[in-house]
Amino acid sequence: MSATAEQIDADAEAAARRRATFRRYTRHPGFMIGAIGIALLVLVALLAPWIAPHSPTRTDLMNNLAPPSATFWLGTDQFGRCVASRLIHGAQVSLQVGFFVVLISLSLGTVIGAVAGYAGGWVERALVAVIDILLAFPSFLLALALVAARGNTLDSIILAVAIAYTPRIAAVMRSVVLTIRPRPFIEASRAIGLTPWKIVLRHVIPNALPPVIVVATVSAATAILAEAGLSFLGLGVQPPTPTWGNVIAEGQTSITSNPLISLSAGLCIAYTVVVLNLLGDGLRDTLDPQMRRNTGKLL
Amino acid sequence: MLFHVARCVGQLAVALVGIVTVAFFLMRAIPGDPALYMLGDFATVEALATLRARLGLDLPVWQQYFVFLFRAVQGDLGTSVVTGQPALTEIWAAVPPSAALAVSGMLVAVVIGVPLGVVAAVRQGSAVDVAVMLVALGGISFPVFWVGLVAILTFSHALGLFPALGASSDAGFWTALHHMVLPAMVLGLSVSAYIARLTRSAMLEVLGVDHIRVARAMGVPERRIVWKLAFRNALIPVLAVIGVTFAWSLGNAILVEAVFSRPGLGSTILKAILARDYQLVQAGVLVLAAAVVLLNTALDLLYGAIDPRLRRS
């Protein structure tokens, strides 16, 4: 066989593998529902200024607590603001929190967990001790205390929630790395003289990522819930900026006469968390065949 | 067993010093001058200096740390700047209602979550399994404070079955219990979803091992296999889940207390945050973290009692 024919065969095989992987994703109903659900939400958040029928912050006190109508799809709140527009714009805050919290806690947690798991010895013992102690602090409480001290701008909320969720990712990463460390390809990389940092960055982390990505997806959901909780307590992004949490809190004052305000905002949060969890479960099934047997969630 | 107990107590001591250390450095890592924050922008230089000296902020950080640790060991977590009372006394007063809520919530969660998880695992892939997992997904997806609002709307306003607000802890046991039903159910349901999911996966793992297969081949009745052989072995992961979810449910308890306007650690800490009473916030965070560490030590001791292998390792 000539070199080009071999090349063609190899290409065909790679293409077939890619198709098989693609099929594995598209045939997983949970993954598809999750992926499409998130895509829709991202679209809504990005196009919010064009989709929203009204400004989310324009008040109209003559027209407050109006029932749902063709102009105000979900009615208006106690300041006469369009509830539907507030929810559509609120998606921006929730998605930003979910995305950046995962970005920060995943980067920090992956490196800390990988170093702890790979280094072993006193480095591991020290890092594990710190992770364990941080895990003893209820993460919502930790985020609450950090936000209280750093102020409630979107940046500091993201940072506070990210710091609160990093230890969990680090703990998962370490436990995965412990199973990778004794495998032959790691020993081989050591044998050819790669430095520990290179081994960790090039071989350990990429191989340990699948289960961690699953946990990260679910963390995005918990981060969104945490932000909503902070907003509900009045410690989140401050009104008039709409967030789903503060729409629920503001709707609480008129909950008996206009329950739709708080109810619809809660459904937005639940929708986001459900699609993220479906996406996470789907990723676990497709990314990591070994975890497929164990169908419970990691956390 | 004695060795196991000694080791657990040793670990507890290390963990307690650990949380005090983390709380100290976390609060110090935050930019800004606490004295200026407490007294406001118009404070005189002398007043600031006096408060700094009183709070020990004029010492080097490592010295501050050892003073803080030394006092914490003796049960002194500083003084509330608002009331002038010792912070620990203030926090301690708020513990009973919160502890009652956390314990009842956990009880609800275990009573609902564990059987659902076991049933889902035994009937893996069946309609029951799918239904339980869907309900569990719903349970972890709705924000706990929102579920609280819906519960108030339904069971207090529409049906008039339970009171919506307050705790009424001094109006007798039954009244207090009546006030506890909704908050405990709301807190418990959210945690039960996690417990159900993790119990299911722990049971699935145990049901697949060889000795279960042998027991089946020998014709041991299924009920006996599930509860006597499998569940016993799944008990440790299930207890571990309770340990993990406890910290999480304490965070949720703050929100539940806010929704139902119940007195407790949640409202004490929130009030302290709004009043910029840092000593009190710090003490509250420490007490809650200590509760988590204590529960985990108790669980460690329990593991030793359940599984003799763990006493020696």
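Keep in mind the model is a prediction, meaning the values are calculated, not measured. (Residues numbered from 1 in each chain as written. Chains lettered and ligands numbered in written order. Predicted model: local features only at pLDDT ≥ 70, side-chain atom pairs only at ≥ 80, totals over all residues. Heavy atoms only, no water.)

Draft legend 1. Summary view of the packing of aromatic side chains. Enumeration over the complete set of coordinates arrives at nine aromatic pairs over all chains. Arranged with centres 4.4 Å apart and planes meeting at 20 degrees, the rings of F232 of chain A and F145 of chain B form a pair that is stacked. You can see F232 of chain A sitting in helix 9 (residues 196–232) and its partner F145 of chain B sitting in helix 7 (residues 144–158), one on each of two chains. Neither F232 of chain A nor F145 of chain B differs from the other in exposure class; each is buried. Relative to F68 of chain B, the ring of F24 of chain B lies with its centre 5.4 Å away and its plane at 40 degrees, an arrangement referred to as tilted. In this pair, F24 of chain B sits in helix 1 (residues 2–29) while F68 of chain B sits in helix 4 (residues 61–73), placing the two residues 44 residues apart along the sequence. F68 of chain B shares its class with F24 of chain B; the two are buried. An aromatic cluster is built from F24, F25, Y65, F66 and F68 of chain B, whose rings are joined through pairwise contacts. (Phe/Tyr/Trp six-rings, centres within 6.5 Å; stacked < 30°, edge-to-face > 60°. Helix = DSSP H or I, 4+ residues; strand = E, 2+ residues; numbered from the N terminus. Buried < 20%, exposed > 50% of the residue type's maximum accessible area, 1.4 Å probe, protein only.)

Draft legend 2. Summary view of the environment of A151 of chain B. Residue and element names in this part refer to chain B. With respect to the helices and strands, the residue A151 is situated in helix 7. Look at A151 and you get buried, because its relative accessible area is 8%. Considered as a pair, A151 and A164 are 13 residues apart in the sequence and their alpha carbons are 8.7 Å apart. If sequence neighbours within four positions are ignored, A151 has contacts with S156, L182 and V186. (Contact = heavy atoms within 4.5 Å.)

Draft legend 3. Main features of the UniProt feature "transmembrane region" (unreviewed entry) in chain A. Residue and element names in this part refer to chain A. Those residues carrying the UniProt feature "transmembrane region" (unreviewed entry) are residues 31–52, 97–119, 126–151, 157–180, 212–235 and 260–283 in this numbering. In the segment residues 31–52, helix accounts for 91% and strand for 0%; the C-alpha atoms at its two ends are 28 Å apart. Spanning residues 212–235, this segment combines 88% helix with 0% strand, and its end C-alpha atoms are found 30 Å apart. (UniProt positions renumbered as here; feature names shortened; annotations may be inferred.)

Draft legend 4. Up close: helix 4 (residues 83–119) of chain A. Its 37 residues place the ends of helix 4 of chain A 53 Å apart at the C-alpha level, agreeing with the 54 Å of an ideal helix rising 1.5 Å per residue. A positive phi of about 65 degrees marks G120 of chain A, the residue just after helix 4 of chain A. (Expected span 1.5 Å × (residues − 1).)

Draft legend 5. Local environment of the interface of chain A and chain B. At the junction of the two partners, chain A supplies 44 residues and chain B supplies 48 residues. Here chain A meets chain B over a buried area of about 4,000 Å², counting both sides, of which 80% is carbon and sulfur. Our count for the contact surface shared by chain A and chain B stands at one salt bridge. At the boundary of chain A with chain B, the tally comes to three residue pairs in polar contact (both at pLDDT 80 or more). Looking at the side of chain A that touches chain B, the elements with two or more residues in it are helix 5 (121–136), helix 6 (139–150), helix 9, helix 10 (244–252) and helix 11 (260–287) of chain A. Top contributing element to the side of chain A that touches chain B by residue count: helix 11 of chain A, with 11 residues. Taken together, the residues of the side of chain A that touches chain B sort by class into 31 nonpolar, 10 polar and three charged. (Buried area = accessible area lost by both parts, 1.4 Å probe. Salt bridge = Lys/Arg side-chain N within 4 Å of Asp/Glu carboxyl O. Polar contact = N/O pair within 3.5 Å; in protein donor to acceptor, adjacent residues only side chain to side chain. Nonpolar A, V, L, I, M, F, W, Y, C, P; charged D, E, K, R; others polar.)

Draft legend 6. Spatial organisation of the side chain of S141 of chain B. Structurally, the position occupied by S141 of chain B is in helix 6 (residues 127–141). One polar contact links the side chain of S141 of chain B to the main-chain carbonyl oxygen of L137 of chain B, over a distance of 2.5 Å.

Draft legend 7. Just the confidence of the model for chain A, in detail. Residue-level pLDDT values for chain A average 83, and 95% of them are 70 or greater. In the model, residues 291–299 of chain A has pLDDT below 50 throughout and makes 34 contacts with residues more than four positions away in sequence or in other chains. (pLDDT = per-residue confidence, 0-100.)

Draft legend 8. Looking closely at the pattern of salt bridges. Residues and elements named next belong to chain A. Under the counting rule described, the total for this entry stands at six salt bridges over all chains. Put simply, R81 and E250 hold a salt bridge, and the shortest N to O gap is 3.0 Å. On the criterion of sequence distance, the pair formed by R81 in the loop between helix 3 (48–51) and helix 4 and E250 in helix 10 is long-range, its members being 169 residues apart. By the burial criterion, R81 is buried, and E250 matches it. Between E250 and R86 there is a salt bridge; the shortest N-O distance is 3.7 Å. With a gap of 164 residues between them, E250 in helix 10 and R86 in helix 4 connect regions that are remote in the sequence. Comparing E250 with R86, the two get one shared label, buried. A network of salt bridges, in which partner residues are shared, links R81, R86 and E250.

Draft legend 9. Just a nonpolar patch on the surface, in detail. A grouping of V42, L43, L46, L47, W50 and I51 of chain A is seen on the molecular surface, where their side chains present a nonpolar patch of about 610 Å² in accessible area. When contributions to the nonpolar patch are tallied by element, the ones reaching two or more residues are helix 2 (29–46) and helix 3 of chain A. (Patch = residues over 30% accessible without salt bridge, like charges linked within 9 Å, V, L, I, M, F, W, Y side chains within 5 Å. Areas by Shrake-Rupley, 256 points an atom, 1.4 Å probe, with all protein chains shown as cover.)

Draft legend 10. Main features of the UniProt feature "transmembrane region" (unreviewed entry) in chain B. Residues and elements named next belong to chain B. Under the feature "transmembrane region" (unreviewed entry), the UniProt entry names residues 12–30, 99–122, 134–156, 176–196, 234–260 and 280–303. This span, residues 176–196, is 100% helix and 0% strand, and a straight line between its end C-alpha atoms measures 29 Å. Structurally, residues 234–260 comprises 96% helix and 0% strand, and the distance from its first C-alpha atom to its last is 35 Å.

Draft legend 11. Geometry of empty space enclosed by the protein. Overall, the coordinates contain seven cavities of 30 Å³ or more when judged by the stated rule. For the largest cavity, the lining is made up of 19 residues, of which L225 and A226 of chain A together with W248, N252 and L255 of chain B are closest to its centre. Listed by contribution, the elements that provide at least two residues to the lining of the largest cavity are helix 6 and helix 9 of chain A together with helix 6, helix 7 and helix 10 (222–259) of chain B. Of the residues in the lining of the largest cavity, the class split is 13 nonpolar, six polar and no charged. (1 Å grid on protein atoms, 1.4 Å probe; cavity = no way out; pocket = protein on both sides within 12 Å on 5 of 7 lines; lining within 4 Å. Points joined across faces, edges and corners; volume = space filled by probe spheres on them.)

Draft legend 12. Spatial organisation of the UniProt feature "domain: ABC transmembrane type-1" (unreviewed entry) in chain A. As recorded in UniProt, the feature "domain: ABC transmembrane type-1" (unreviewed entry) lies at residues 91–280 of chain A. With 84% helix and 0% strand, the stretch residues 91–280 of chain A has end C-alpha atoms that lie 20 Å from each other.

Draft legend 13. Quick look at the domain arrangement of chain B. Residue and element names in this part refer to chain B. Here the domain parsing of chain B yields domain 1 (1–82 + 276–313) and domain 2 (95–274). A C-alpha centroid distance of 29 Å is found between domain 1 and domain 2. Listed per partner, the contact involves 18 residues of domain 1 and 16 residues of domain 2. Buried surface at the junction of domain 1 and domain 2, summed over both partners, amounts to about 1,400 Å²; 84% is from carbon and sulfur atoms. In this assembly, domain 1 and domain 2 are joined by zero salt bridges. Summed over the shared surface of domain 1 and domain 2, the result is zero residue pairs in polar contact (both at pLDDT 80 or more). Of the residues in the side of domain 1 that touches domain 2, the class split is 13 nonpolar, two polar and three charged. (Domains from an automatic or database assignment.)

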